[in-house]
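Residue strings, one per chain:
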Amino acid sequence: QVQLVESGGGLVQAGGSLRLSCAASGRTFSWYNMDWYRQPPGKEREFVATISRSGGSTYYADSVKGRFTISRDNTKNTLYLQMASLKPEDTAIYYCHVKAPADSRDYFQDYWGQGTQVTVSS
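Worth saying up front: this structure is predicted, and the values here are computed from it rather than measured.

Caption draft 1: Structural view of the pattern of salt bridges. Counted according to the given criterion, the structure contains five salt bridges. Of the charged contacts, one joins lysine 65 and aspartate 62 as a salt bridge, the two residues approaching to 3.1 Å between their closest N and O atoms. In this structure lysine 65 comes out as partly exposed when scored by relative accessible area, which is 47%. On the basis of relative accessible area, aspartate 62 is assigned to the exposed category, the value being 66%. With a shortest N-O distance of 2.8 Å, arginine 67 and aspartate 90 are connected by a salt bridge. One end of the pair, arginine 67, is in the loop between strand 6 (58–60) and strand 7 (68–73); the other, aspartate 90, is in the loop between strand 8 (78–83) and strand 9 (92–101), with 23 residues separating them in the sequence. The exposure classification of arginine 67 matches that of aspartate 90, with both residues buried.

So this is what it looks like as structure tokens:
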């Protein structure tokens with residue numbers, strides 16, 4: 001079964017940095033793009049960044065462009081999000097995501113981790 005487990009969240013002061021990790025299992029994840037999303041308190045989930053299968057292509061939301069870096073290590077089945085110059089507006093639960101074939105099915109579905117809390121203080 002697909003499992004995505006985020007880690008690395010915590011409390012950090014504005015201007016600081018954090019590195020989030022997402023450990024993936026249950027699929028050959030090098031076959032799929034992977035993504036980071038976040039959900040600020042009281043708001044809907046929003047896109048943060050995506051990375052291609054080999055890591056050669058990335059795309060970021062305007063709100064994090066230039067500050068966040070998405071990467072992956074397919075040998076470790078791990079997705080990363082390096083966050084720098086953090087702002088209070090970055091406070092959210094951060095989720096990793098992959099769209100992959102369902103177990104014993106011929107269609108794709110969305111898989112999400114449980115989320116990791118990032119809190120940025122002023």
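Moving on, there is more to tell.
Caption draft 2: How the structure looks around the pairing of strand 9. Burial analysis of strand 9 places eight of its ten residues in the buried class, the great majority of the element. As paired elements, strand 4 (residues 34–39) and strand 9 share six bridges and run antiparallel to each other. Bridge pairing links arginine 38 to tyrosine 94 in strand 9. Here three bridges tie strand 9 to strand 11 (residues 116–121), and the two strands are oriented antiparallel to one another. Bridge pairing links tyrosine 94 to threonine 116 in strand 11. Taking the residues between adjacent antiparallel strands as the criterion, strand 9 and strand 10 (residues 108–112) are bridged by six residues, where serine 104 takes a positive phi near 55 degrees.

Cut-offs used in this document
Counting from 1, residues in each chain are numbered in the order their sequence is written. Restriction of local features to residues with pLDDT of at least 70 applies here, the model being predicted, together with a cutoff of 80 or more for giving and counting side-chain atom pairs; totals for whole chains, interfaces and linings are based on all residues. Think of the side-chain values as coming from all heavy atoms in the structure, minus any hydrogens and water. A pair is scored as a salt bridge if a Lys or Arg side-chain nitrogen falls within 4 Å of a carboxyl oxygen belonging to Asp or Glu. Each residue's exposure class comes from its accessible area (1.4 Å probe, protein chains only) as a fraction of the maximum for that residue type: buried when under 20%, exposed when over 50%, partly exposed otherwise. Numbering goes from the N terminus for both helices and strands, where a helix is a DSSP run of H or I of at least four residues and a strand is a run of E of at least two. Strand pairing is assigned whenever DSSP identifies at least 2 bridges connecting the two strands.

Distances and angles like these do not, on their own, reveal function.
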